[in-house]
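Given next are the chains, with one letter for each unit.
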Amino acid sequence: MESTVEKIKVWFRFVPREGWFPQDTEGLWATMLSADTARLQNVPFLQDGVAEGDVVRFRTDSEGLHWGVGRVSASGNCTIRVVPLPSGPLGRSPQALHQCLSRFGLGGEVFSQDFPMVAYNAPAGGDFHGIKALLTRGQEDGWWHYEVACATDEWWNV
């Protein structure tokens, strides 16, 4: 028997940050689990507080859009966004950034060619100590800027 997994887009609303993008929504691919829950399948570029693999609850509006209303369970993954600095040794290269972080096995997606921010998924049980040390050193040395958009106690306590 074949099983069909329904992929949906779960939309999130947020207040745009000053100096960032003007968007106030972001859609994330997800696997539908029930009539009102889904597991996120990609890393958020703009939405804070969720990570790939998290289960979220959603409400479907009259137009058929699924709007996230809260996290049901955390995956243990963390969302980290990194922007290579044009003046740094990596230039604006997301490929060079991926190469620097490749030893940690992080999955990531590039926002755009014009803005080479990479949204990374740091998997549960990963080398959070090593990732944090490299990110901090790279930021201090002017290679990139980074932010942690969703993290676990394990991330914060190492």
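Going by the structure above, here's the rest.
1. Some points on helix α1 (residues 94-101)
Each α-helix turn comprises 3.6 residues. Residues three or four places apart therefore point the same way.
No. 1: If you check which residues of α1 are buried, you get P94, A96, L97 and L101. Looking down the long axis of α1, one finds its buried residues gathered within 155° of arc, a one-sided arrangement. Set apart from the buried face of α1 by more than 90 degrees, the exposed residues are Q95 and Q99.
No. 2: The elements touched by buried residues of α1 are β6 (78-84), β7 (107-110), β8 (118-122), α2 (128-140) and β9 (144-150).

2. Description of the sheet that holds β9
Strand-to-strand pairing in sheets goes through backbone hydrogen bonds, with the strands running parallel or antiparallel.
No. 1: Taking strand neighbours across the sheet as the criterion, the four strands line up as β7-β8-β6-β9 in an open arrangement whose pairing is antiparallel. Of all the strands in the sheet, the pair left with one neighbour each is β7 and β9. Along the sheet, successive strands turn relative to each other by an average axial angle of 20°, direction set aside.
No. 2: Summarising the sheet, β6 and β8 pair through five bridges and their orientation is antiparallel. By the bridge assignment, R81 is partnered in β8 with A119.
No. 3: Of the strands in this sheet, β6, β8 and β9 are in contact with α2, which crosses β9 at around 140°.

3. A few points about the packing of aromatic side chains
No. 1: Under the defined criterion, the tally for this structure stands at five aromatic pairs.
No. 2: Each ring, one from W143 and one from W144, has its centre 6.1 Å from the other, and the planes form 80°; the classification is edge-to-face.
No. 3: Under the relative-accessibility criterion, W144 is labelled buried at 2%.
No. 4: What links up through ring pairs into an aromatic cluster is the set F45, F111 and F115.
No. 5: Sitting above the plane of the W67 ring, R13 keeps its charged end 3.7 Å from the centroid.

4. A closer look at the state of the cysteines
Joining two cysteines, a disulfide is a covalent bond between their sulfur atoms.
No. 1: For the structure shown, the criterion picks out zero disulfides.
No. 2: Free cysteine C150: the closest other cysteine sulfur is in C78, separated by 6.7 Å.
No. 3: Judged by its relative accessible area of 6%, C150 is buried.

5. Focus: the pairing of β6
For a regular strand, side-chain orientation follows a simple rule: the groups alternate between the two sheet faces.
No. 1: In terms of burial, β6 is a largely internal element, seven of the seven residues being buried.
No. 2: Where burial is concerned, the two faces of β6 agree: the one with C78, I80, V82 and P84 and the one with T79, R81 and V83 are both buried.
No. 3: Sheet analysis places β6 next to β9, joined by six bridges and oriented antiparallel. Its bridge partner being in β9, V83 is matched across the sheet by H145.

Thresholds, definitions, all that
Residues numbered from 1 in each chain as written. Predicted model: local features only at pLDDT ≥ 70, side-chain atom pairs only at ≥ 80, totals over all residues. Heavy atoms only, no water. Buried < 20%, exposed > 50% of the residue type's maximum accessible area, 1.4 Å probe, protein only. Helix = DSSP H or I, 4+ residues; strand = E, 2+ residues; numbered from the N terminus. Arc of directions from axis to C-beta. Contact = heavy atoms within 4.5 Å. Pairing = 2+ DSSP bridges. Axes fitted to C-alpha atoms, helices over the stretch in contact; angles between N-to-C directions. Phe/Tyr/Trp six-rings, centres within 6.5 Å; stacked < 30°, edge-to-face > 60°. Lys NZ or Arg CZ within 6 Å of the ring centre and 35° of its normal. Disulfide = S-S within 2.5 Å.

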